Amino acid sequence: MRILVMNWGSSSLKYVILDPETGHEALSGNVEEIGLGGVDDHGEALTLVTEHMQRELGDDHGIDAVGHRVVHGGEKFSEPTLVTPDVIKEIEALSPLAPLHNPAAASGLRAVSEQWPELPQVVVFDTAFHRTMPEKAWRYAIPDVLYKEHGVRRYGFHGTSHEYVANTAAATLGITSAEFNGIVAHLGNGASVTAIRNGKSYDTSMGYTPLAGLVMGTRSGDLDPSVVTQLIERGLYTADELDVMLNKRSGLLGLAGRSHMKEVVDAAATNPEAQLALDVAAYRLQKYIGAYHVAIGGADSLVFTGGIGENSAPFRDIVCKGLAPLGIEIDENANNNASTEPTIISTEHSTITVMVVATDEEVAIAKATAHLLSNL
Ligand SMILES: Nc1ncnc2c1ncn2[C@@H]1O[C@H](COP(=O)(O)OP(=O)(O)O)[C@@H](O)[C@H]1O
Ligand SMILES: CC(=O)OP(=O)(O)O
Ligand SMILES: [Mg+2]
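So, here is what we can say about the structure in this document. (Residues numbered from 1 in each chain as written. Chains lettered and ligands numbered in written order. Predicted model: local features only at pLDDT ≥ 70, side-chain atom pairs only at ≥ 80, totals over all residues. Heavy atoms only, no water.)

## Looking at the environment of L211
Quick reminder of the rule: The numbering of helices and of strands both runs from the N terminus, where a helix is a DSSP run of H or I of at least 4 residues and a strand a run of E of at least 2. Contacts are assigned to residue pairs with any non-hydrogen atoms lying within 4.5 Å of each other.
Its location among the elements puts L211 in the loop between β9 (200-204) and α7 (225-233). Sequence separation between L211 and D243 is 32 residues; the distance between their C-alpha atoms is 9.5 Å. Discounting residues that sit within four places of it in the chain, L211 has contacts with M216, R219, S220, G221, L246 and N247.

Encoded structure:
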């Protein structure tokens, strides 16, 4: 079977054609700067993808279905879903909750429907895995009407990754997914941490949008909401400018002038701003891990994933050193030599097993797509 997986970012499209059984990739690529001068729109991005497929695979691309990553599924979608014109309209209607991502996905879905009307399409939502959170974890303490009439609540994101990584960690530990009680830290460009109880999402650090929670490459994560209202009141920023500032100029970039974790780690030895950025990012994550340990009644494992979680031994080391009061103890040698295979990096004395597990959202989406189609 061959599935085309498409990950629609606000201004980019990552795509890969793979076999969901073997994970074998026939082709992959990235279209950047959609609508920013590089490529006009999502239809044109798709033309570039089909040209790439034509070059590499010839006339018969052999694709059986298309699986899409959609960031926001609101309260409506809790499972991978077969695409119909109505589903595209519902994704579009959720645009106010993910203004950078959902309009892009909706136009991408329409472009694919026009290009290959015969191919089934499946959407897999970042929010879906978090639909199991208890209400006390997803409600904000603001007037009730804002949730009931406007959908203002915590949704959580990166769910496909958190679920895939929790399942992989469970398999490595020789337990079932339902026996997994742990904390997964997905630390990539966007970063979030999820408390997983009996294999299900119990709480997560992102919120109404992917801006909440951890310190990210360019996003602030948590802050006092009065910062926003005050900056507008003082005339320093408009709402639009604040959106850009908090999403694109904050986080590691805002504190240290660099958004890539490796550059921040390398600079920290000689640059106090970079050291501070590391300290703020690690401390924020430590606080969440402590809280989530309590939330799930004691975590058995802590799993690092995403570009930073998988590749930055120094950042994992800083985070875990601060978790000593939980009984966490890292094996430095194992931490420095974590590979792409699931690796345990804690010592045998550690009360919580700490692991590094590589995420693969594309394989998870391809599997979910194949699974849904086989059950139709
Ligand atoms: N060797 C490395 N050391 C430290 N950080 C790294 C390394 N490689 C990648 N990263 C971090 O991972 C981030 C990308 O994470 P990734 O999960 O691939 O992103 P995306 O969210 O775009 O899928 C980079 O911005 C960088 O901060
Ligand atoms: C939801 C989200 O933050 O996605 P990404 O990490 O791809 O930016
Ligand atoms: Mg990512």
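## Some remarks on the nonpolar core
We count it as follows: By convention a nonpolar core is built from buried Ala, Val, Leu, Ile, Met, Phe, Trp, Tyr and Cys residues, the set being connected through side-chain atoms within 4.5 Å. Type-normalised accessible area, obtained with a 1.4 Å probe on protein chains alone, sets the label of each residue: buried when under 20%, exposed when over 50%, and partly exposed for intermediate values.
By size, the foremost hydrophobic cluster in this structure holds 49 residues, and its most contacted members are L187, L285, L302, F304 and F315. Elements supplying a minimum of two residues to this core: β7 (182-187), β8 (191-197), α9 (251-256), α10 (261-268), α11 (272-295), β10 (301-305), α13 (313-321) and β12 (353-356). Examining the composition of this core, we find that ten residues originate from one element, α11, more than from any other. Among all residues touching L302, those that are not within four sequence positions of it are I183, I289, C320, L323, I328, I352, T353, V354 and M355.

## Observations concerning the packing of aromatic side chains
Heads up, the condition is: Think of it this way: a Phe, Tyr or Trp ring, Trp meaning its six-membered ring, pairs with another when their centres are within 6.5 Å, and the plane angle makes it stacked under 30 degrees, edge-to-face over 60, tilted otherwise.
Enumeration according to the criterion identifies four aromatic pairs in this entry. With 6.4 Å between their ring centres and 35° between their planes, Y155 and Y208 make a pair best called tilted. Of this pair, Y155 sits in the loop between α5 (144-148) and α6 (159-173) while Y208 sits in the loop between β9 and α7, and the two are 53 residues apart along the sequence. A relative accessible area of 24% means that Y208 is categorised as partly exposed.

## Comments concerning the site of ligand 2
Basically, it comes down to this: Throughout, near means a residue has at least one heavy atom within 4 Å of the molecule or strand. Definition of a polar contact: a pair of N or O atoms within 3.5 Å, with one able to donate and the other able to accept a hydrogen when the atoms are protein atoms, and with sequence-neighbouring residues admitted only if both atoms are side-chain atoms. Charged means Asp, Glu, Lys or Arg here, nonpolar means Ala, Val, Leu, Ile, Met, Phe, Trp, Tyr, Cys or Pro, and polar covers whatever is left, Gly included.
All residues in the neighbourhood of ligand 2 are listed as R69, D126, F157, H158, G190, M206, P210 and R219. The side chain of H158 places a nitrogen or oxygen atom 2.7 Å from an oxygen atom of ligand 2. The separation between an oxygen atom of ligand 2 and a polar side-chain atom of R219 is 2.7 Å. Taken together, the residues of the shell around ligand 2 break down into three nonpolar, two polar and three charged.

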